[in-house]
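Overview (structure and organization)
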Amino acid sequence: MAQQRFVSIGECMIEMSGGEDRQYRLGYAGDTLNTAWYMRALLGRDWSVDYFTGLGEDRYSSDIRTFLDANDIGTSHIRTVPGRRPGLYMIHQEKGDRHFTYWRDTSAAKLLADDKDALAAAVKGASMVYFSGITLAILAPRARGRLLGAIVRARDAGARVVFDTNIRPALWTSPRVMTSVLTAAATMCDVVLPTHGDEAPLFGDKSVDDTADRYLELGVEEVVVKDGAGEALIATAAERVKVAPQPGAKVVDATGAGDSFNGAYLSARLAGKSLQQAAEAAHRVAGVVIGQKGALVDPKLLAE
């Protein structure tokens, strides 16, 4: 059987985590990369996992490529953007919660969709294409259109398209633009993975069911509504299940929890698991991730 291909599109950033006594650990992360990491850790070897982004020609861009290659995440389609560098963020733990400071104005990833041919090559032959609201938010309007056009063509060619809305208002020019772009993007997708707490203020959803219904009405086949420590709702036109996380998980750093949930859920579904089983697996993996520092945990920790 021919190897199938998962392609994740977005921004890989330099991550500075920790911060105790002003001592930070340098790593690499970003919402779509995090999900690709967990897909690679949990998918069988009959799947390849590729990452598409923009990187520069500097030391850290080179290190990111080396890091991804070393962890069997494909880099062959990554776009090189001269004069640009990766973005950077720091995680601050304060009063039991995490806070982020970003430096991404000159991020090479903001130009990932500027080369139409490179974009088309990146998704060609993909079995599943994954992107997020952050992927869309960092792009200029024309580049955003190019990306969505390439995704539609990939879907027409047989790829399943998956979208985490991952709402970050600070990255958008206005709430109106944000809601209209996210809604339009969702209509192009087979699976959408929103977070109820982020969606409710923008769309007026009073419950996780409202969030699911809104996306189902747009034609999305499968909606996975995350709700933090609450029950996740997984809904299709024919089935609806709510799955709670296992109690007692210790929160050390919640960075990447939702992204790991996505990766675990999707990998379980691709392995033939039911909605219930996939959500249970996703909660389990997210529970491991929040007990570690940083967005990417050692895949060995994910073994059941």
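Applying the stated criterion across every chain, the model contains seven aromatic pairs. Ring plane angle 40° and centroid distance 6.1 Å describe the contact between Phe6 and Tyr130, whose orientation is recorded as tilted. In this pair, Phe6 is assigned in strand β1 (residues 4-9) and Tyr130 in strand β9 (residues 128-132), connecting sequence segments 124 residues apart. Side by side, Phe6 and Tyr130 carry an identical accessibility label, which is buried. Ring plane angle 5° and centroid distance 5.6 Å describe the contact between Trp37 and Phe67, whose orientation is recorded as stacked.

On to the pattern of salt bridges. Tallied over the entire structure, the rule returns 16 salt bridges. Salt-bridge contacts for Arg45 lead to Asp72; the nearest nitrogen and oxygen are separated by 2.1 Å. One end of the pair, Arg45, is in the loop between α1 (31-42) and β4 (47-52); the other, Asp72, is in the loop between α2 (59-70) and β6 (79-80), with 27 residues separating them in the sequence. By relative accessible area, Arg45 is classed as exposed at 55%. Across the pair Arg240 and Asp213 runs a salt bridge, and its minimum N-O distance is 2.7 Å. Here Arg240, found in strand β14 (residues 240-243), pairs with Asp213, found in helix α8 (residues 208-217); they are 27 residues apart in sequence, far enough to count as distant.

A positive phi is found at Asp72, a non-glycine position, where the angle reads about 60°. With phi around 35°, Asn166 is a residue other than glycine that occupies positive phi space. The topology assignment puts Asn166 in the loop between β10 (160-164) and α6 (175-186).

Bringing the sheet that holds β4 into the picture now. Read across the sheet, eight strands follow the order β4-β1-β9-β10-β11-β12-β13-β14 without closing on themselves; strand pairing throughout is mixed. Only two strands of the sheet have a single partner each, and these edge strands are β4 and β14. Note: β10 against strand β11 (residues 191-192), two bridges, orientation parallel. Bridge pairing links Val162 to Val191 in β11.

Right, let's talk about the environment of Ser267 for a bit. By secondary structure assignment, the location of Ser267 is in helix α9 (residues 257-270). Using a relative accessible area of 6% as the deciding quantity, one classes Ser267 as buried. Along the backbone, Ser267 and Ala281 are 14 residues apart, and their C-alpha atoms lie at a distance of 9.4 Å. Not counting the four nearest positions on each side in its chain, Ser267 is found in contact with Met39, Leu42 and Leu43. Here the side chain of Ser267 touches Gly263 through a polar contact of 2.9 Å, landing on its backbone oxygen.

Rules used throughout
- Residues numbered from 1 in each chain as written.
- Predicted model: local features only at pLDDT ≥ 70, side-chain atom pairs only at ≥ 80, totals over all residues.
- Heavy atoms only, no water.
- Phe/Tyr/Trp six-rings, centres within 6.5 Å; stacked < 30°, edge-to-face > 60°.
- Helix = DSSP H or I, 4+ residues; strand = E, 2+ residues; numbered from the N terminus.
- Buried < 20%, exposed > 50% of the residue type's maximum accessible area, 1.4 Å probe, protein only.
- Salt bridge = Lys/Arg side-chain N within 4 Å of Asp/Glu carboxyl O.
- Pairing = 2+ DSSP bridges.
- Contact = heavy atoms within 4.5 Å.
- Polar contact = N/O pair within 3.5 Å; in protein donor to acceptor, adjacent residues only side chain to side chain.

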